[in-house]
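Listed below, chain by chain, are the residues.
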Amino acid sequence: MSQESRLPDIAAGAGSEGAGQARADDAGAGEARADAAGQARAGDAGAGEARAGDALPPYVERVLEVAELIPPGRVMTYGDVAEWLGEGGPRQVGRAMSLYGGAVPWWRVVRADGVLLPGHELRALAHYRAEGTPLREASRAAEGHLPRLDMRRARWDGGGHTEGHT
């Protein structure tokens, strides 16, 4: 992923005001994000409980901002998000998404091999089909006969959201 094709520089804080508005408008998650620290773990992809009123760690907030900017029908890998942020790695992004991702479109941050999120396959698949995300049908030999994401067609590089990024 080239530097020019990345999202606005929310990692450094630049453009985060506009990203916040885009989150509220595009993802419909503005109010959900207001409660994210207290309730996101109880959401779609999370587990456990966070104390109400706890602030999200800054890295987690940046990861969630990127997840909210991914358009319907497109995905980014955990590694793509980490690379774009310029810190952490796929495991750190995955941890942030598993603990706090329930308030954002968690199904749009995926494994690089296109395998659906274990334990959430059917919920994710319903989202992918509703959004028209490109899928590769599973062979009869595939466990559970679940499709995979067609990463070549579904992967998003942040195109169209590069304003303000240096």
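To be clear, the structure that these remarks concern was listed above.
Residues numbered from 1 in each chain as written. Predicted model: local features only at pLDDT ≥ 70, side-chain atom pairs only at ≥ 80, totals over all residues. Heavy atoms only, no water.

> Give a description of the pattern of salt bridges that names residues and reports values.
In this structure the tally under the stated criterion is 5 salt bridges. A salt bridge links Glu 87 to Arg 62; the nearest nitrogen and oxygen atoms lie 2.6 Å apart. Taken together, the positions of Glu 87 in the loop between helix H5 (78-85) and helix H6 (90-100) and Arg 62 in helix H4 (residues 58-69) put the pair 25 residues apart, joining distant regions of the chain. Here Glu 87 falls in the partly exposed class, since its relative accessible area comes to 31%. For the salt bridge of Asp 150 with Arg 153, the shortest nitrogen-to-oxygen distance reads 3.1 Å. We classify Arg 153 as exposed; its relative accessible area is 51%. (Salt bridge = Lys/Arg side-chain N within 4 Å of Asp/Glu carboxyl O. Helix = DSSP H or I, 4+ residues; strand = E, 2+ residues; numbered from the N terminus. Buried < 20%, exposed > 50% of the residue type's maximum accessible area, 1.4 Å probe, protein only.)

> Please set out the nonpolar core residue by residue, giving values where relevant.
Val 63, Val 81, Val 93, Met 97, Val 109, Tyr 128 and Leu 149 are the most contacted members of the largest nonpolar core, which has 34 residues in total. If you list the elements that add at least two residues to this core, you get H4, H5, H6, strand S2 (109-110), helix H7 (121-131) and helix H8 (151-154). Sort the elements by how many residues they give to this core and H4 lands first, with 6 residues. What Val 93 contacts, discounting residues up to four positions off in sequence, is Tyr 59, Val 63, Tyr 78, Val 81, Ala 82 and Val 109. (Core = buried A, V, L, I, M, F, W, Y, C linked by side-chain atoms within 4.5 Å. Contact = heavy atoms within 4.5 Å.)

> Explain H4 to me, using residue names and the numbers behind them.
Its 12 residues give H4 an end-to-end C-alpha distance of 17 Å, which sits within 8% of 16 Å, the value for a rise of 1.5 Å per residue. Within the span of H4, buried status applies to Tyr 59, Val 60, Arg 62, Val 63, Leu 64, Glu 65, Val 66, Ala 67, Glu 68 and Leu 69. (Expected span 1.5 Å × (residues − 1).)

> Which residues make up the side chain of Thr 133, and what values go with them?
Mapped onto the secondary structure, Thr 133 falls in the loop between H7 and strand S3 (135-136). Given the relative accessible area of 5%, Thr 133 is considered buried. Setting aside its immediate chain neighbours within four residues, Thr 133 contacts Gly 73, Arg 74, Val 75, Tyr 128, Leu 149 and Ala 154.

Everything listed is a geometric property; what it means functionally is a separate question.
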